[in-house]
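Inside the fold
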Amino acid sequence: MTSRRDFFRFAGIAGGAVAASTVSRVAMAGLPEPIIQSSAQTMAPLVPTSGRPYNPVVTLNGWTLPWRMNQGVKEFHLVAEPVVREMAPGFKAHLWGYNGQSPGPTIEVVEGDRVRIFVTNKLPEHTSIHWHGQRLPSGMDGVAGLTQPAIQPGKTFVYEFVARRPGTFMYHPHADEMTQMAMGMMGFWVTHPKSRHPLIDEVQRDFCFLLNAFDIDPGSYTPKTMTMLDFNLWAWNSRIFPGIESLNVRLNDKVRIRIGNLTMTNHPIHVHGHEFVVTGTDGGPTPKSTRWPEVTTDIAVGQMRQIEFVADEEGDWAFHCHKSHHTMNAMGHDVPNLIGVDHRGVAKKISSLIPDYMVMGERGMADMTEMEMPIPDNTVPMMTGEGPFGSVEMGGMFSVLKVRRDQKPGDYKDPGWFKHPEGTVAHEYQGPLAEPARSKANGGQSMPRVQESSKSSEVKVRKPGSHHDH
């Protein structure tokens, strides 16, 4: 993490502002220095050294924004700017974000904190910030044109309010929203309880990340901002598998994972090996009477879900969105299905004429992980990642929950692959196999058909010659 000062100095404002406003150049206090982060690694939790104490979160492939205390007010500085985000090793995207990254840094405060956030706009167009889910004065809600003037390029605005309730929230623009969010402008906000809360348990591991989606053509760098549904990159904190780091926990740790959805579709998030309960939403902690065990929870657009479980099963456990095409990287659309067709040699000849040509393998999509086919620069294969037993054949919204007996408290380092006890790994059976019995009876129906078919028919494939008959 590095810091930098702008070439000019902004002046602060007097405390107690009640509406988002430009920063007064008359006031004497200077802005907090903006902290810039360029690394895409998961940073260690930011343990508070000032203000009220709390147990910090860990942002997956992200970080928490430092602050300064100014006469009892917790001050942050966000810089909206173009950024370069490494989405996976060998693949970088030109996005918009905050403080050098997309998503921007997580903001952590404590219930009852008075918070002051300076926002400097280094984008080529105006912007604003909406504090998604927060209770605050209307003039601080961040909707350009409705509750405040837009922040013009080169200007700095300030937002100030009290963090009134504990919970997990998000921040994102409410100005040219479709473009700016499609370019990656969003971030997480966590308000910790000021004291023990009857609905908020203490946990040993507290992770958070945002769900996001992009449409970036293979070989290009910049998202298409007008895409509404047909995205080709499904990401966690703007990272795609295998670029998403694992969630590393100690056996029997109480684990909390906070997940926010700012994509344009829902995501059923699934954890292997454990059951969890949903303990929080954007609206706050859920009553205990509403909680039940689940292994998958659906997160709709604009929602946050907070799940908790005890990591009492040692091993490496898949953790992913259960929409299958969301665990696939770019080049997954418009791929011809040639399952069952021997096209050896054909794809090679076509790819010499059309370099980006790809087809589904003869035996299925997994064939593509074995192809020695060149792919465009600045992209990654649709399915990738090498596990201890071979190709994992995943992409997009996929990671691994690693539960280890010998992981030290507070240690978030990757422990490597799990060493399975002898006899606990599925393996090839080498004994005799009986021929499986297959039923040939027709299925039942609620009532007989009016007309019985005269003879059985077989579908034959006809190669289309032209579009004249369409």
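Below is a summary of the structure that appears in this document. (Residues numbered from 1 in each chain as written. Predicted model: local features only at pLDDT ≥ 70, side-chain atom pairs only at ≥ 80, totals over all residues. Heavy atoms only, no water.)

Things to note about the environment of Gly-167
Looking at where Gly-167 falls in the secondary structure, it is placed in strand S12 (residues 167-172). Sequence separation between Gly-167 and Gly-133 is 34 residues; the distance between their C-alpha atoms is 9.2 Å. Once residues lying within four places of it in the same chain are set aside, the contact partners of Gly-167 are Trp-189, Val-190, Thr-191 and Arg-258. (Helix = DSSP H or I, 4+ residues; strand = E, 2+ residues; numbered from the N terminus. Contact = heavy atoms within 4.5 Å.)

Some details on a nonpolar patch on the surface
On the surface, a cluster of nonpolar side chains totalling about 340 Å² of accessible area is made up of Met-228, Leu-229 and Met-264. Structurally, Leu-229 is set in the loop between strand S14 (205-214) and strand S15 (233-236). When its relative accessible area of 70% is taken as the criterion, Leu-229 is described as exposed. (Patch = residues over 30% accessible without salt bridge, like charges linked within 9 Å, V, L, I, M, F, W, Y side chains within 5 Å. Areas by Shrake-Rupley, 256 points an atom, 1.4 Å probe, with all protein chains shown as cover. Salt bridge = Lys/Arg side-chain N within 4 Å of Asp/Glu carboxyl O. Buried < 20%, exposed > 50% of the residue type's maximum accessible area, 1.4 Å probe, protein only.)

Some remarks on the pattern of salt bridges
Enumeration over the complete set of coordinates arrives at 19 salt bridges. Residues Arg-114 and Glu-160 are paired through a salt bridge, measuring 3.1 Å at the closest nitrogen-oxygen approach. Taken together, the positions of Arg-114 in strand S9 (residues 114-121) and Glu-160 in strand S11 (residues 156-162) put the pair 46 residues apart, joining distant regions of the chain. The buried category is assigned to Glu-160, whose relative accessible area is 1%. A salt bridge links Arg-196 to Glu-202; the nearest nitrogen and oxygen atoms lie 2.9 Å apart.

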